[in-house]
Structures are given as structure tokens and as C-alpha cells.
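An overview of the molecular structure
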Amino acid sequence: MDKQVIRAYLWQAVIRLGFCPASTKDQQGWLYQYGQSIKDFWETSYPKPPRLENGRITAMIDCTDILKLSVTYQVDSAYKFNVHFQYSYTLDNNQLIWIHDVDGNFFCFPQQLFLNRDGREKAALKKFVSDDVKAVIDGLILHPKAHQHIASPINNHDIRIGGGLDNPFLFLFHLRYQLCPIPDKRQKEKKRLLALFSDSLKSNSSITASSLMAQP
Amino acid sequence: MKRNRFGINIDEGIPLVSEPDFELLYVPCFGETAERLNSWLVEGDKPLLLGGQIGSGKSTLINKAIQEAGRLPDVTLHFDQEVLNLDAGDFWSIALAGLLETAFAKGIDLNFCKLPEELGQYQADDWPALLEGLRPRTFSMASFNAKMTLRKKVAKNATYIAKIIVEIGRLLEASVKRPLFIFATGLDKFDPLSPTFFAMQDIVVALAEFKTLYEVNAAHLFQKPGSPLYPLDRLFISVLKSDEVIEMLAKRMGVYAQPVRQELEILANWSGGNPRQALRLLSHFETARKTRKRNTGESLAVAIRETTGDFFAYSPKPSDELIKTIRRSGTIGAAMFTLPGDKDTALRALYGNWIFIREKSSDASWAATVNPLVKMVFNGATPLEDQEVKLLRDYAMIAGISPSGLGPCRIDEKERKKKEAEEPPWKFKEKSGDQLLWEFIASGVEQPIQTNLSETLDVLADALLSKDRADRAILAYKDDNLTEAARAYLFAKANSYEYQRCKHIVITGGPGMQPMTEIEAFLSEDTDIFSVEFAGKWENSQLEALDKQRDRFINHQMLWWIPFNDLKDYLPHWTQLRQLFELFVLEDELLGSISEEEVRADLAFFEDMADSEQSPEGNVLSNLKIVLEYLRNIRQGVNHG
């Protein structure tokens with residue numbers, strides 16, 4: 001089977017196994033553990049815990065220590081969310097904002113539909129090798145193909161904010177890695193994720209939030 | 001304390017103790033003092049006074065030197081952790097118990113006297129029972145009463161006890177076959193002019209028979225001839241150089257240091273070279289810049305103001321003349337510290353960190369500076385000549401902030417200058433940005449700024465949310481009715497991510513009360529967050545006894561609730577204590593910072609997740625319900641009183 005095809009199936013499987021908490025309670029638990037994991041992963045302090053307002057989960061993750069940046073997410077569902085990036089430097093309270101906004105009501109190329117029609121998922125999940133998992137994790141989390149760097153005045157080329165990520169949990173999880181300024185942690189996290197997802201894919205079992213958020 | 005390998009490690013300036021502490025955070029900054037201490041540890045055989053001002057790094061230096069020399073003390077006596085009455089009975093009992101403990105460990109035969117029987121209810125050779133009586137391992141009312149009775153007997157027989165202590169010391173010395181190394185720690189917590197300090201001088205004499213290291217304040221180094229401390233060798237810990245402070249702060253910030261390097265330089269200047277002051281400034285700066293709507297310049301000003309409040313609010317101020325002399329000459333005569341009468345102000349200024357001394361500039365004088373945090377509260381000081389204000393202003397310029405736009409000093413500088421040009425000088429009253437900044441910082445000494453509960457939580461959050469760090473806060477309040485809800489709110493937030501057992505107690509001080517006993521009992525409980533409400537009018541002796549316990553609280557997360565009207569009376573007695581506490585004055589209006597909607601949103605999130613009461617989520621829920629009810633009642637006009 002073509003490598004590209006294997007990786008396409010893996011791509012979808014990684015999202016399904018790691019980033020699709022089903023019920024509202026699972027989603028709350030996932031986001032709670034996400035906030036909890038930030039403290040040790042970035043070696044800073046806990047963010048404020050999430051809130052549930054009008055059925056929407058919101059929280060602010062403070063990245064002042066890294067980039068003088070705060071990240072506020074609002075998750076309505078697995079298909080609708082936004083993340084505000086608010087940058088405040090020395091502009092006397094003038095803040096710069098960009099918003100990563102995903103609205104599932106609009107059309108997007110239906111990758112899953114075509115893969116389902118192709119019907120080779122089981123075969124693909126038997127044939128993958130470590131390099132395939134690595135490529136998929138790179139594309140989803142560590143080095144998304146389409147990404148934005150933050151330029152002046154920070155100019156940190158190691159930060160790559162993936163532009164094409166439309167799953168809220170995946171997007172937030174990739175921020176955990178991208179906004180971590182500790183090279184040692186990033187290096188170890190690569191290895192950990194490779195092992196974690198390789199095992200999960202082999203057994204086709206979902207990854208719990210606590211395993212996903214574990215420290216490298 | 002759990003430390004981050006690469007990230008941020010901020011605390012309130014507690015001493016470094018463990019190897020990881022030193023590996024990650026230690027900056028070799030004690031130079032010749034460290035070398036001399038090291039050589040004394042290895043080769044010395046006489047007693048030594050090691051003195052430094054509050055927060056200068058004495059304990060860290062001692063811990064490091066002991067680690068490097070590989071010479072652990074044979075006996076360690078903590079004079080700041082078991083004092084209940086601040087009397088000779090306490091001090092002699094601490095010394096006796098410390099030596100007995102070591103004697104047991106080394107299997108020394110103590111049958112040279114029958115002290116256990118002589119002191120009371122024990123068999124003549126039952127020394128372990130005596131030790132247990134002097135220093136019970138578990139707290140109970142019976143053991144506490146027995147200890148108090150014993151200590152009274154010890155005080156009555158102090159001369160005899162002194163002889164026994166020396167004798168046990170000699171037996172120990174014969175056993176170790178080298179000079180007996182005694183570490184007398186915590187003497188630095190005693191005001192050099194207090195009767196308590198005089199009460200403990202006999203102990204100093206008894207221990208001077210051995211190779212004893214006395215940890216004292218710099219103020220204790222200035223003794224008059226005839227004082228028992230006068231003939232002892234001494235070592236002084238000076239303030240740090242600016243680049244050493246910057247390095248220390250950078251280590252605390254780990255990988256996060258680079259983006260704030262310039263700000264660390266400003267903070268180092270405002271620290272006056274005192275490591276703990278530098279750390280407190282950093283801690284407030286970190287909180288301030290994370291709080292939205294503040295730019296970096298404002299955050300620096302706020303950090304300076306908050307640190308000033310923590311350390312100096314309501315402190316009795318030294319005389320203007322003293323400060324003027326130091327400012328003019330950059331020195332202070334050593335005689336100023338020992339002359340009787342009104343010159344005592346110099347010693348108090350030194351003990352309270354109003355001034356910093358560096359090194360002897362001649363036989364008769366020391367290089368000295370006024371603590372940058374308090375310069376502006378003295379007559380004759382102006383912002384124009386002040387180096388620290390200038391640095392802050394220059395920073396603001398470089399960073400693209402108007403110097404007049406730093407924090408609350410925001411004024412229209414162009415408009416001000418226009419008015420200044422138009423009006424005759426005697427009519428022009430408007431203040432410059434520098435002057436306003438100067439006054440803003442100075443106000444920290446006069447009165448702590450009020451904060452709402454939400455802002456208070458922002459400052460406390462780093463420590464309150466995690467068991468990794470234990471900080472302490474004094475929360476002064478004007479309205480009794482809000483304290484229960486405020487406490488419930490903080491308890492709820494403390495359980496956001498980790499289950500933390502929170503316990504609250506009301507401790508009453510005043511005539512005939514025994515608040516220290518209650519505190520001792522409370523501390524023996526197994527809990528994560530200790531909340532203490534101060535009731536009654538505490539007497540000076542009770543406040544001072546509490547002040548000496550400072551280091552005993554180091555490992556505890558504490559919230560102290562004090563009526564605002566009492567704060568002014570209490571803080572002047574807590575020169576030591578306030579070093580490890582942050583100070584907040586809560587606004588009367590809880591609704592001003594917390595809305596019902598926010599609390600409902602918090603509740604909604606945790607409601608689905610709570611599996612049991614004994615979980616972080618369950619704890620959050622039960623406490624948030626108290627807050628919600630309070631807010632509802634307030635809205636409906638229900639009187640809590």
C-alpha cells in the first residue's frame with residue numbers, strides 16, 4: 001500500500017484515538033487535565049481552570065512568561081471553537097489579537113468520507129511503521145505543514161502555530177508543545193508521543209486524557 | 001520544595017537547602033566570607049558569630065558551606081522554633097534538649113548527675129523521659145502542660161542547667177575527639193534591643209565553651225565591650241553586587257529569563273543588593289505582568305510598590321537625620337550602633353533593613369546606603385537625584401512607554417509642561433510623572449493599597465493552587481461579614497487542580513490567653529492550607545513570640561485573617577514575620593471583583609466532574625456554593641451580621 005495512503009489513514013486515526021473526547025463530561029475532563037498539565041510541562045504555574053458558560057467551555061492560558069501572550073479558548077463543540085491570541089508588549093495597553101476560529105457549519109474537504117469509501121483502514125493500520133507515525137505526529141502537532149511563525153519582536157522560529165487544524169483538542173494540544181520554551185521537554189515529548197500513538201494505533205484503543213497529558 | 005529543572009522557581013526567599021536547590025539556583029556571591037566560613041568549619045575551634053541583615057542569605061550560605069566542607073554540626077539548636085514565652089526557660093530547655101538528643105545518638109553515659117529526678121517526676125537515670133518532656137514528639141494538652149512546667153523549673157535552676165549543658169558538651173567532645181561543633185540558629189530573629197535578646201546572653205556564654213556557630217543579625221555584631229558577644233570572632237555577610245543579583249534572578253526565571261533581562265536589571269537595582277528583597281520584587285513583578293491591562297513598566301512600578309508595602313507598611317521609621325547623614329556620606333559610624341540613648345535608631349534601622357551596610361570603610365565606619373524602597377519617605381529626598389527612579393524612567397523611554405505613563409502616575413506630560421511654562425512657578429502645583437511615581441512607591445510605607453479578592457487571588461494563585469509551593473499571606477479586612485465567603489472562595493480556588501485540605505481556626509490573643517499554644521496545636525495537624533483568624537487584642541509579648549516563629553511557618557501554606565484596625569498595631573512587631581508574608585488589605589465589597597455569573601460558570605464546570613466530596617472538584621463545589629449564597633444574599637439585601 002502506498003505510504004501516502006497509510007499515512008492518510010493514520011492521520012485520521014490519531015485524531016480519533018487521541019483528540020475526540022465524546023461526551024460533554026469527557027470534553028470538560030480533557031480540558032481540565034490539559035490546564036493541569038501545563039504547569040509541569042512549561043514549568044510555570046497553573047492556569048485558571050476552565051468555566052462552563054452557556055454550554056461553552058472557556059479558559060485562558062497565560063503565556064506571559066514565554067511571549068507576553070495570553071491564549072483564550074472557547075470550545076462550543078468538537079466542530080466549533082475559537083482561540084484568541086492576545087499579545088501585549090510595551091504599547092501601553094494596546095493589545096494585538098488574532099483569532100483562530102473554526103466553524104463546522106462551513107464546508108471543508110471531507111477527508112474522512114473518501115477514506116471511508118476507500119475502505120482500507122484495517123489494512124493500513126496493520127502496515128504502518130514507526131516513520132509513518134512520526135510523519136503524522138509531525139504534521140499534526142510538532143511541525144504542521146501550514147503554520148505561522150511569530151515574527152517581530154519575538155522572532156522565535158521554533159514556534160509553529162498550525163493554521164489548518166480544525167479539531168479544538170488537537171489544536172490546543174499542539175499549542176502545549178509549540179509554546180513550550182524548554183528544548184529538553186520538546187525533545188522528550190517527541191519521543192513520548194511517538195511511543196504513545198504507536199501503541200494506541202497498534203491496539204486501536206483510545207488514549208485517555210491523563211495518558212495524553214502525561215509529562216515526558 | 002519541588003523545583004523546576006528549566007523553568008521558573010520563585011518563592012518568598014526561603015533558604016536554599018538541598019543539592020538540587022544549590023545546583024539550580026545558587027549563585028556564588030559570598031566571596032571571602034564563604035571562604036572564611038569554610039576554613040572555620042574545617043579548621044576552627046573557637047566560637048564564631050555569622051551576621052547579616054534580614055534576607056541577606058545567611059542560612060543559604062551556612063547550608064552551602066556545611067555541604068561543601070562536609071562538616072555537619074554535631075548539635076543544632078533552633079532558637080527560633082520553640083520559643084513560647086521568650087524567656088530563659090525556653091532557651092535553656094532548647095539547648096539542653098539539643099545536647100541530650102546528640103548524647104543519646106552517640107551513646108554517652110550521663111550518670112554524672114540526677115537531673116531527670118531533680119527536675120521532677122522522672123527516675124534519676126531516665127534521661128529519655130526528660131528529653132520527651134522538654135520536647136514532646138506529639139502534641140497533646142498533657143504533653144504541652146508538662147513541657148511548660150519543666151521549662152519553668154529549668155528557668156529557676158538556670159545556673160545549674162548551664163553547668164550540666166557544659167558538662168554534656170565536654171562528654172560529647174571527648175566522644176567525637178575534636179572540637180564539638182554546635183550550630184545555634186535563629187538568634188538573628190531577636191531584636192538586639194529587646195529584653196529577650198538580653199535574656200539569652202547567658203546561653204551564648206555557655207555555648208561559647210565550644211566551637212559554636214551563632215547565626216545572628218548584622219545588628220548583633222555591633223556590641224559594646226562587656227557584652228558576652230563582644231569578644232567573639234565575627235563574620236559579616238554584605239549586600240550583593242548588582243550583577244550577582246541579576247544572575248540570581250535570572251536563575252530563578254530559568255529559560256524564561258531572556259525576555260525579561262532588562263527588567264531584571266531594574267529589579268536588581270531596587271533590591272539594594274538584598275537577595276530576599278530582590279526575590280520579592282521578582283515575585284510581584286511576575287504577578288503584575290500576568291495581570292491583564294498592565295504593561296511591563298507599570299508592572300515594575302507595581303512590584304516595587306507592593307514589595308515596599310509587604311516589608312515596610314506601618315513600620316516605625318528611623319530619623320530623617322540618620323538617613324540624611326548616610327545619604328550625604330555613604331557611610332555610617334560604627335559608634336552609631338553602640339551609643340546609648342537616641343542613637344538606638346541606627347541599630348533599629350539596620351535591624352529593620354531601612355539601611356544596608358556593605359563593608360567596613362575604615363576602622364570607625366561602614367559603607368552604607370538607604371534601602372531604595374524607602375528612600376522617598378524621608379525629608380529632603382527628591383526623585384531627581386534618585387538613581388533607581390532614573391533607571392526606571394530610562395527603561396520606560398527605551399521600551400517606548402512615556403515615563404509619565406508608568407502605572408498610576410499616568411498624566412499628560414505635554415499638558416503639564418505647557419501649564420508649567422504658562423504659569424508663574426509659585427502658582428504651578430502640578431506634579432511630574434517622576435514625582436507621582438515616587439509618591440506612589442512611598443505610599444507603600446504609609447498604608448497598604450487595597451485589593452479586591454480577585455486581584456488577591458491573582459497574586460496568591462501560583463502558590464495557592466499547587467502543593468509544590470507554600471506561601472503565606474496576611475489578609476486584612478474591614479468587614480467581618482465577607483471573610484467567610486472570601487475564605488471559601490480561596491479554598492475553592494486552591495482545590496482547582498489538586499486536592500488540598502484546608503483548615504480554619506480562630507485564635508484569640510489578649511490578657512490571660514495562650515495563643516501560641518493554640519498555634520502549636522494547630523500546626524501539629526495534618527493539613528495543606530492553614531487559615532488563621534486573629535481574634536481579640538493580642539498583647540505585644542504574644543505578637544513578638546509569634547514573630548520569632550517565622551521559620552517554623554516556612555513549609556506551611558498559610559492565610560492569616562486580621563481585622564484592619566489591628567494591622568497597624570501588629571505589623572510593627574513583625575519585623576521578621578513579614579519577610580515571609582505578603583500583605584493584602586481586602587476591599588469591603590466582594591461583589592466588586594466576583595460576579596454571580598462567574599461563580600455559576602465555575603460551579604457549572606465542576607458540577608459534572610465531582611465524584612465525591614473528598615476530591616478537588618467536590619471541595620471546589622462545596623466552597624463555591626458558600627460564595628454563591630453570600631453573593632445572592634448581598635444582592636437581595638440580606639444582612640449577614
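These figures come from a predicted structure and were not determined experimentally.

Further remarks concern the overall build of chain A. Scanning chain A from N- to C-terminus turns up nine helices and seven strands. Taking 17 Å as the expected radius of gyration for a compact globule of 216 residues, we find that chain A reaches 17 Å, a close match to that expectation. Projected onto the principal axes, the alpha-carbon positions of chain A cover approximately 55 × 40 × 30 Å. Within chain A, the proportion of its 216 residues that are buried is 49%. Contacts in chain A between residues far apart in sequence, at least 24 positions, make up 55% of those at least 6 positions apart. Accessible surface computed for chain A: about 10,200 Å², of which carbon and sulfur atoms make up 52%.

If you look at the interface, chain B gives 44 residues, while chain A gives 38 residues. The contact between chain B and chain A buries some 3,600 Å² in all, and 48% of this surface belongs to carbon and sulfur atoms. Summed over the shared surface of chain B and chain A, the result is four salt bridges. A:Lys48 is the partner of B:Asp458 in a salt bridge, and the nearest nitrogen-oxygen pair spans 3.1 Å. Listed by contribution, the elements that provide at least two residues to the side of chain B that touches chain A are helix H13 (275-290), helix H14 (296-312), helix H20 (453-464), helix H25 (596-607) and helix H26 (616-635) of chain B. A total of six residues in the side of chain B that touches chain A trace back to one element, the largest contributor, which is H25(B).

What follows is about a negative patch on the surface. On the surface, a cluster of negative charge is contributed by B:Glu455, B:Glu587, B:Asp588 and B:Glu589. Residue class for B:Asp588 comes out partly exposed when judged on its relative accessible area of 38%.

This next bit is on helix H8 (residues 158-176) of chain B. Residue and element names in this part refer to chain B. The end-to-end C-alpha distance of H8 is 27 Å, a good match for the 27 Å that 19 residues give at a rise of 1.5 Å each. Within the sequence span of H8, burial applies to Ala158, Ile161, Ala162, Ile164, Ile165, Val166, Ile168, Gly169, Leu172 and Val176. At its buried positions, H8 is contacted by strand S2 (75-78), helix H4 (88-105), helix H5 (115-118), helix H7 (141-156) and helix H10 (201-207). Residue Lys177 follows H8 closely and has a positive phi angle near 60°.

As a further point, take the packing of aromatic side chains. All names here are of chain B. Under the definition given, this model contains 32 aromatic pairs over all chains. Look at Phe553 and Trp560: their rings are 5.5 Å apart centre to centre, the planes differ by 80°, and that puts the pair in the edge-to-face class. For Phe553, a relative accessible area of 0% corresponds to the buried category. Taking relative accessible area as the criterion, Trp560 reaches 0% and is therefore assigned buried. Centroid distance Phe605 to Phe606: 5.5 Å. Interplanar angle 80°. Geometry classified as edge-to-face. By relative accessible area, which is 0% here, Phe605 ends up buried. With relative accessibility at 2%, the residue Phe606 sits in the buried group.

For the rest of this paragraph, the subject is the environment of B:Arg36. Residues and elements named next belong to chain B. Mapped onto the fold, Arg36 is located in helix H2 (residues 31-43). In sequence terms Arg36 and Arg552 are 516 residues apart; their C-alpha atoms lie 29 Å from each other. If we ignore the near neighbours within four places in the chain, the residues touching Arg36 are Arg234 and Leu235.

Another point: the sheet that holds strand S9 (residues 450-451) of chain B. Neighbouring strands of a sheet are bound in pairs by backbone hydrogen bonds; such pairs are parallel or else antiparallel. Residues and elements named next belong to chain B. Taken together, six strands build an open sheet; the order of strands is S9-S14-S10-S13-S12-S11 and the sheet is parallel. Taken across any chain shown, the strands that pair with only one partner, and hence form the sheet edges, are S9 and strand S11 (502-509). Where S11 meets strand S12 (residues 529-536), eight bridges bridge the pair, whose relative direction is parallel. Residue Cys502 lies in a different strand from S12, and its bridge partner there is Ile529. In the packing of helix H21 (residues 483-494) onto the sheet, contacts are made with strand S10 (472-477), S11, S12, strand S13 (557-563) and strand S14 (582-586), and the angle to S13 comes to roughly 165°.

Thresholds applied
- Residues numbered from 1 in each chain as written.
- Chains lettered and ligands numbered in written order.
- Predicted model: local features only at pLDDT ≥ 70, side-chain atom pairs only at ≥ 80, totals over all residues.
- Heavy atoms only, no water.
- Helix = DSSP H or I, 4+ residues; strand = E, 2+ residues; numbered from the N terminus.
- Rg over C-alpha atoms; globule rule 2.2 N^0.38 Å.
- Buried < 20%, exposed > 50% of the residue type's maximum accessible area, 1.4 Å probe, protein only.
- Contact = heavy atoms within 4.5 Å.
- Areas by Shrake-Rupley, 256 points an atom, 1.4 Å probe, with all protein chains shown as cover.
- Buried area = accessible area lost by both parts, 1.4 Å probe.
- Salt bridge = Lys/Arg side-chain N within 4 Å of Asp/Glu carboxyl O.
- Patch = residues over 30% accessible without salt bridge, like charges linked within 9 Å, V, L, I, M, F, W, Y side chains within 5 Å.
- Lys, Arg positive; Asp, Glu negative; His and termini not counted.
- Charge placed at Lys NZ, Arg CZ, Asp CG, Glu CD.
- Expected span 1.5 Å × (residues − 1).
- Phe/Tyr/Trp six-rings, centres within 6.5 Å; stacked < 30°, edge-to-face > 60°.
- Pairing = 2+ DSSP bridges.
- Axes fitted to C-alpha atoms, helices over the stretch in contact; angles between N-to-C directions.

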